[in-house]
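Fold and contact review
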Amino acid sequence: MLKSKRVVLRTLRESDLEKLLKWFNDPEVIQYLHMYLPMTEKAEAKWLEDIGTSRRDTDIVFMMEALDGNDKIPIGTIGLHKISWKDRDAAFGIAIGEKKYWGNGYGTEAANLVIEYAFIQLNIHRVSSVAYSFNERSLKMHLKLGFVQEGVARESAYKNGAYHGKVMFGLLKSEWMKTK
């Protein structure tokens, strides 16, 4: 478990399935994600099982919970994916499914926890990430966290009836350490 002032990151549980299905079948939420097909209960249950078993060495995913007094409210998922232990490289991903928590800094706070975990606990050398060019909140978050924009794959994603770019970011441990 990772914890900050307003956020707790914990491992996923089977009981999270209902929330995950709600979030990942909401068109407003998934417009910002690399998914586009409806998520079935069977597929999401399989993903949840795989994260805890066969993908355990390459994907670390946390449930993000907002702290509200003594209550912990599940608001999304966050993690590291496609971890290469040889190259010390990982891809960062975040999805806030509870829309009332959008734009309030919870994602940035949780991302700080995951990035620190990647660099300090896992000794990852580089964290990469991708955001759609129309996702202003995500673009701002990446820059605030210290990510460097490394390029744009122009018109590489079809979302909301139009083609958009994928903005590629990278953050090296040495760059992150300078900010701490």
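Rules used throughout
- Residues numbered from 1 in each chain as written.
- Predicted model: local features only at pLDDT ≥ 70, side-chain atom pairs only at ≥ 80, totals over all residues.
- Heavy atoms only, no water.
- Pairing = 2+ DSSP bridges.
- Helix = DSSP H or I, 4+ residues; strand = E, 2+ residues; numbered from the N terminus.
- Right-handed = clockwise from strand over helix to strand, strands pointing away.
- Core = buried A, V, L, I, M, F, W, Y, C linked by side-chain atoms within 4.5 Å.
- Buried < 20%, exposed > 50% of the residue type's maximum accessible area, 1.4 Å probe, protein only.
- Contact = heavy atoms within 4.5 Å.
- Expected span 1.5 Å × (residues − 1).

Inspection of the sheet shows strand β4 (residues 71–84) paired to strand β5 (residues 89–96) by seven bridges, in the antiparallel sense. Each residue of the ladder has a partner; that of G76, found in β5, is I96. Linkage of β4 to β5, two consecutive antiparallel strands, is achieved through a turn of four residues, within which R88 is found at a positive phi near 60 degrees. In this structure, β5 lies alongside strand β6 (residues 126–132), joined through three bridges in parallel fashion. When the bridges of β6 are listed, D89 appears paired with R126. Regarding the hand of the β-α-β motif, the stretch spanning β5, helix α4 (residues 106–121) and β6 is right-handed.

The next point concerns the nonpolar core. Grouped together as the largest cluster of nonpolar side chains are 52 residues, with contacts concentrated most on L9, F24, M64, I78, F92, I124 and F147. Among the elements that make up this core, the one with the highest residue count is α4 (eight residues). When residues no more than four places from it in sequence are discounted, the contact partners of F24 are I30, L33, M35, M39, E44, T77 and A95.

As for its placement among the helices and strands, S15 is situated in the loop between β2 (7–11) and α1 (17–23). Spatially, the C-alpha atom of S15 lies 25 Å from that of Q31, the residues being 16 residues apart in sequence.

A word on the sheet that holds strand β8 (residues 162–172). Pairing in this open sheet of eight strands is mixed, and the strands run β1-β2-β3-β4-β5-β6-β8-β7 from one edge to the other. Only two strands of the sheet have a single neighbouring strand rather than two, namely β1 (2–3) and β7 (148–159).

Given 3.6 residues per helical turn, the α-helix brings residues three or four places apart onto the same face. The end-to-end C-alpha separation of α4 is 22 Å, in line with the 22 Å expected for 16 residues at 1.5 Å each. Here α4 has its buried residues at Y106, G107, T108, E109, A110, A111, L113, V114, I115, A118 and F119. Trailing α4 by a residue or two, N123 shows a phi angle of about 60 degrees, which is positive.

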